[in-house]
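Commentary on secondary and tertiary structure
Chain by chain, the residues run as shown.
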Amino acid sequence: MKVIFVDDEQFILNGLKRALYTTRWQIKFATGGEQALEILKDFPADFIVSDMRMPGMNGADLLEIVSRSYPSTVRIILSGHADLDLSVRASYVAHQWFNKPCDPQVLKTEIERINEIRADFTNEDVRQIVGSIKSLPSVPRLLVKIKIMLRTKSLTMKGLSSLISDNPSLCAKVLQVANSSFIVSSRNITNIEDAVTRLGVDAVSNIVAIAEIYSKVEDVPSAFLEETLQRGLKIAKLAVMITEKSDRDITMLAGILHNIGELILWQINPKGMGVYLEKRKPGQDNTELEREIFRVDNIQIGSYLLHLWNFPYSIIECITLQNKIDKLTNCKFGGATSIYIARMIINDLDVDESIIDHFDISEKLNHWRKIKG
Amino acid sequence: MFEFWRFKTVSTDIYKLIEGDYDYFLIFLSFLVSSFAAYALLVVLEQAWLVTTSKALRLWKVLGSVVFGLGVWAMHFTGMLALMLPIPVSYDVDLTLLSVFTPMVGAYFAVGFLARKNFSFISIQWSAFCLTLGIGTMYLIGLEAIKVEAIVHYNPLLMITFIAIAHLLSTTAIYVVKKFYSTTKYVLLTKIFSSILLGAAVASLHYVAMSSLSFYTLIGSTFDYNTINDSAVAFSLAISRIVFIMLFITILCALIEDKFFKSDQTIEQSVIRETDIFEHMADGLLTINSSGIVKSINSSGFLMFGYERDTLIGCNLESLMKSDIIQQLSVTSLDKALKDFLGQTFVTQGVKQDGSEFPIEVNFSKIPLQTHGLFIFNCVARDITQRSELEAKLRQSQKLESIGQLSSGIAHEINTPTQYVSDNIAFLGVAFVSCLNIIRMTQTIINKDISKITQQEIDDIKTIFQDNDMDFVMTEIPLAIEQSSEGLQRVKKIITAMKSFSHTNQGKMSLVDIREAIESTITVSRSEWRYIAKLVTNFSDALPKLNCLRDEFNQVILNFIVNAAHAIEEKYGKKSNAMGCISINVHQQDNNIKITINDDGIGMRSELKERIFDPFFTTKELGKGTGQGLSMAYLAIVEKHKGSIEVTSQPNIGTTFSISIPIT
């Protein structure tokens, strides 16, 4: 594994070099953005870990360049500075954020975990295929922005409303949901701020996620698009009820996005879609079939896409693990497990015994099946 | 039934009624006289209502009743003369003169009631009764004074009617006066109207009375018609004239008195007002003569200084204020000492009677009046203890604010060494595990007999060497320790600097090591400039300690450093790799410490340069600067430390601020 660390403070680099000397990673160090870019030319790093504030080129600028020139490199910020402006900017381009001082053991574990997740989807095939798609959906900027604002606790109802107001089609969508029959209301809501207040931040950000991501997928028949979206939503809703309270936010988003890769399959080989739709078993692991027809599977594509969009690896992990029973039992009960269970329940399939035993959820399972009904 | 005196029935067999005739000019004259008399009475009453002493009241009462009585009498007399009888008529001088007094006495009592402003029904009746009595008596006596060759007969019924009407009219007239008393609008008009009404009442009374009177003469007497009239007219004119003159004089007197009274009142009012303002001012107000002796002081003043009023008057200003200006009083006059400070507000220490000091703000002014060729000064003194405390709190909060602004930078400064210290320690932990393994194995080997050492044991050690990259470990351990301790030093330095920077001196001057203060400020603000510029300092050796307000001094230096960083940032832009340079030089020049802070930033045009010390003037974007930094710096250096700030700047080349602070 190739890692590059960038920090203007030589002592930080020295410290990292020592702390990580047992990892056997190939590590390079740069004291500035320019030097890092120079090194990257001959050193295709899997990870770049950069400080935020540096003289000259700062961390956000550096990672932005890296995201364009070396899209499959995982971009991580390791910063001791709490500059809101910069952190918001960096959040667009960084997959992960660590605050100084950060325990080197945590840094090491986290990088290794991400490496494991990405091992699946950053292979040459995936990169090539995704690279060949012209109309790849672009980064859902508004969604990312809302997430950042939530994380930095700088989100207000007013701020959220004004963000949404900037996008007319999104405005319409939010108002439509707010006025839908699901939400008991005595009067119609015509103003976006009231709608946001009524729906709550979580619901609104999910609407934003769907609206932004699905509106950007082109060249896909709308029936297929609608089916994929509805399936994603259904699973997401159930998974949210299954998962732990603290993971709901991630689970909802991961649920909505867990089958996003299927849309791209259509773009890779529209002709193969007929065979695929015919042969696939809904809700089950179809990755082998996919690889047969398209050379890649939807999970690889979906996770690579989220990687390109700088989604945190905690969400990407929910997607990569959705069929890996053995790995799920190694993790704690969270988004990935919930999505797996939700998928099984929705498609009336049996949840794997080892999962039921490991998490001791046989009773709860019945309860969840009832919810689905 | 009324068969007595002049009520006896006159036998018409022997006597015949003489028909009298009236001279209308004289009737008019009589009206005029009575109206004037009434006017005079009102004028006098007005004065009587205003006076406060009983002596003056009595005087006005006497004057009013004399004038009114005289007027009534003149009216009566003129009215009498207006009656033209075809027989010779003459008058008894004594009785005529006597008849003057009764209306005066009646009027005196009536005015007595009115002057008391008592308008109850009873008192109105009483005063009307007095008037009626006075006027009635006057008639009777006046009629007795007529000497005529005829029988004078009164009609008793008409007589009673006359008395009733007299009382009624008097009552009416007093009601009019009452009305006049309560009016505030159209005073003159009301006065004239009232006096005409009153005059008319008195005059008509006369003619009613006259109608009850009839003259009888023996039948067969011959009448000489024109015997008296000419002289009567002349006589009555003469009387009227005298009465008029008296009335005029009275009215004039009253008017003059009124003016005097009013101006007296104005003076009195303004004295009361000014005394009140003086006494109740929130600020202390002192008057001082030119040798500095306190001549008067208001209650805020003596309370402020903790004295009794009497003990403070006569004190010297020197014992009340510690200002240098005031202390010159021992050698010069207040006039000279204050020459440049008159009308200016300045802050100094006040001294209370118990010797304790408190901050006051004073303002001296010269009163443009000389007594015995000496000027008197006014001094407004304001106790600003509370304000000073608030200012101190504000200073503290501003400082906290700037610490708050710096805190994220400081956090970074601390987080960075913490990061590498913990990395190094993690490394040392791992490294020492390998080392200890090797040591343990080595220990086992060296404790053995040399012949018993197996190749395996040596190979094991070799494996550890290889597996753990011991060459790297051995090179890095000393470095890790060295760098860790360096990191801890850095943390310590930052914390010390923070403590030093945020040290408070409670607004008091203290001797400060300038170098240490500036270096702390540089350390604390490091993250403000380190990505933008390098900072070089140059302190000349053996700088003396400076007596200054430490926290304000720190704040000033911080402001200049932050400004310099911003100027450089603006010049090169955020993304550029180019670094600017901030240089701080400190040296002694004569009796001053001179600090120059130079940057090679964006610089300023001269018109900008002129405004930078204005409060709230800023060119920075919202949220980056409030425009208070430099104005506070100016206040701190120039006003509090009696120093100076100079600025030279060239657009795109840089700016230099030179601060000069006197050492003593």
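Worth saying up front: this structure is predicted, and the values here are computed from it rather than measured.

Points about the overall build of chain B
- Assigned secondary structure in chain B consists of 19 helices and 19 strands.
- The proportion of buried residues among the 664 residues of chain B is 45%.
- Of the contacts made within chain B by residues no fewer than 6 positions apart, 72% connect residues no fewer than 24 positions apart.
- For chain B, the exposed surface amounts to about 34400 Å²; the carbon and sulfur share of it is 61%.

Things to note about the packing of aromatic side chains
- Under the counting rule described, the total for this entry stands at 14 aromatic pairs over all chains.
- Taking 5.3 Å as the distance between ring centres and 90 degrees as the angle between the ring planes, the aromatic pair formed by Phe 11 of chain A and Tyr 420 of chain B counts as edge-to-face. Pair noted here: Phe 11 of chain A is in helix α1 (residues 10–19) and Tyr 420 of chain B is in helix α12 (residues 385–447), and the two residues belong to different chains.
- A ring pair is formed by Trp 126 of chain B and Phe 129 of chain B, whose centres lie 6.0 Å apart and whose planes are at 85 degrees; its orientation type is edge-to-face. Taken together, the positions of Trp 126 of chain B and Phe 129 of chain B, both in helix α4 (residues 121–144) and 3 residues apart, correspond to about one turn of that helix.
- Overall, the relative accessible area of 40% leaves Phe 129 of chain B in the partly exposed class.
- Through pairs of rings, three or more aromatic residues link up here, namely Tyr 21 of chain A together with Phe 427 and Phe 472 of chain B.
- The ring of Phe 47 of chain A is capped by Arg 118 of chain A, whose NZ or CZ atom sits 5.8 Å from the centre of that ring.

Some words on the confidence of the model for chain B
- Here chain B averages 81 in pLDDT, while 91% of its residues score no lower than 70.
- Confidence estimates for the predicted assembly give a pTM of 0.58 and an ipTM of 0.72.

Some details on the sheet that holds strand β3 (residues 47–50) of chain A
Residue and element names in this part refer to chain A.
- Strands sit in the order β2-β1-β3-β4-β5 across an open sheet of 5 strands; the sheet is parallel. Every interior strand has two partners, whereas the edge strands, β2 (26–30) and β5 (96–99), have only one. Each adjacent strand pair in this sheet contributes to an overall mean axis angle of 20 degrees, direction not counted.
- With 4 bridges connecting them, β3 and strand β4 (residues 74–79) associate as parallel partners. In the sheet register, Phe 47 faces β4, and the bridge partner there is Val 74.

Concerning the interface of chain A and chain B
- Chain A puts 28 residues into the contact, and the matching count from chain B is 36 residues.
- Overall, the association of chain A and chain B removes approximately 2700 Å² of surface from exposure, summing both partners, and the carbon and sulfur fraction of that is 54%.
- Counting the surface chain A buries against chain B, the share from its top three residues, Phe 11, Arg 18 and Tyr 21 of chain A, is 28%.
- Connecting chain A to chain B are 5 salt bridges.
- Between Lys 17 of chain A and Glu 476 of chain B there is a salt bridge whose closest N-O contact spans 3.5 Å.
- Remark: the boundary between chain A and chain B carries 12 residue pairs in polar contact (both at pLDDT 80 or more).
- Ranked by residues supplied to the side of chain A that touches chain B, first place goes to α1 of chain A with 8 residues.
- A breakdown of the residues in the side of chain A that touches chain B according to their chemical character gives 12 nonpolar, 6 polar and 10 charged.

What about helix α13 (residues 260–268) of chain A?
- For α13 of chain A, the buried fraction is high: 8 of the 9 residues fall into the buried class.
- Three or more residues of α13 of chain A are buried, namely Ile 260, Gly 261, Glu 262, Leu 263, Ile 264, Leu 265, Trp 266 and Gln 267 of chain A.

Let's talk about the sheet that holds strand β6 (residues 151–154) of chain B
Residue and element names in this part refer to chain B.
- Read from one edge of the open sheet, 3 strands run β1-β7-β6, paired in antiparallel fashion. Two strands in the sheet have a free side with no partner beyond their single neighbour: β1 (15–18) and β6. Mean inter-strand twist for the sheet, computed between neighbouring axes without regard to direction, equals 40 degrees.
- Sheet topology places β6 next to strand β7 (residues 213–218); 4 bridges connect them, and they run antiparallel. Residue pairing for β7: His 153 is matched across the bridge by Ser 214.

Some details on the pattern of salt bridges
- A complete count under the given rule lists 26 salt bridges over all chains for this structure.
- Where Asp 8 of chain A meets Arg 530 of chain B, a salt bridge forms, and the shortest distance between an N and an O atom there is 2.9 Å. With Asp 8 of chain A in the loop between β1 (2–6) and α1 and Arg 530 of chain B in the loop between α16 (526–529) and β14 (533–539), this residue pair bridges two chains.
- What makes Arg 530 of chain B buried here is its relative accessible area of 11%.

What about the confidence of the model for chain A?
- Chain-level statistics for chain A give a pLDDT mean of 82 and a share of 91% at 70 or above.
- For chain A, helix α4 (residues 84–93) of chain A is the element with the lowest average pLDDT, namely 70, and β1 of chain A is the one with the highest, namely 95.

A word on empty space enclosed by the protein
All names here are of chain A.
- The tally for this structure, following the rule as stated, stands at 8 cavities of 30 Å³ or more.
- Along its surface, the largest cavity is lined by 19 residues, and Arg 231, Glu 262, Gln 284, Asn 298 and Arg 343 are the ones closest to its centre.
- Put simply, the parts of the chain that give the lining of the largest cavity at least two residues each are α15 (287–294) and α16 (298–308).
- Tallied by class, the residues present in the lining of the largest cavity amount to 3 nonpolar, 10 polar and 6 charged.

The rules behind the values
Residues numbered from 1 in each chain as written. Chains lettered and ligands numbered in written order. Predicted model: local features only at pLDDT ≥ 70, side-chain atom pairs only at ≥ 80, totals over all residues. Heavy atoms only, no water. Helix = DSSP H or I, 4+ residues; strand = E, 2+ residues; numbered from the N terminus. Buried < 20%, exposed > 50% of the residue type's maximum accessible area, 1.4 Å probe, protein only. Contact = heavy atoms within 4.5 Å. Areas by Shrake-Rupley, 256 points an atom, 1.4 Å probe, with all protein chains shown as cover. Phe/Tyr/Trp six-rings, centres within 6.5 Å; stacked < 30°, edge-to-face > 60°. Lys NZ or Arg CZ within 6 Å of the ring centre and 35° of its normal. pLDDT = per-residue confidence, 0-100. Pairing = 2+ DSSP bridges. Axes fitted to C-alpha atoms, helices over the stretch in contact; angles between N-to-C directions. Buried area = accessible area lost by both parts, 1.4 Å probe. Salt bridge = Lys/Arg side-chain N within 4 Å of Asp/Glu carboxyl O. Polar contact = N/O pair within 3.5 Å; in protein donor to acceptor, adjacent residues only side chain to side chain. Nonpolar A, V, L, I, M, F, W, Y, C, P; charged D, E, K, R; others polar. 1 Å grid on protein atoms, 1.4 Å probe; cavity = no way out; pocket = protein on both sides within 12 Å on 5 of 7 lines; lining within 4 Å. Points joined across faces, edges and corners; volume = space filled by probe spheres on them.

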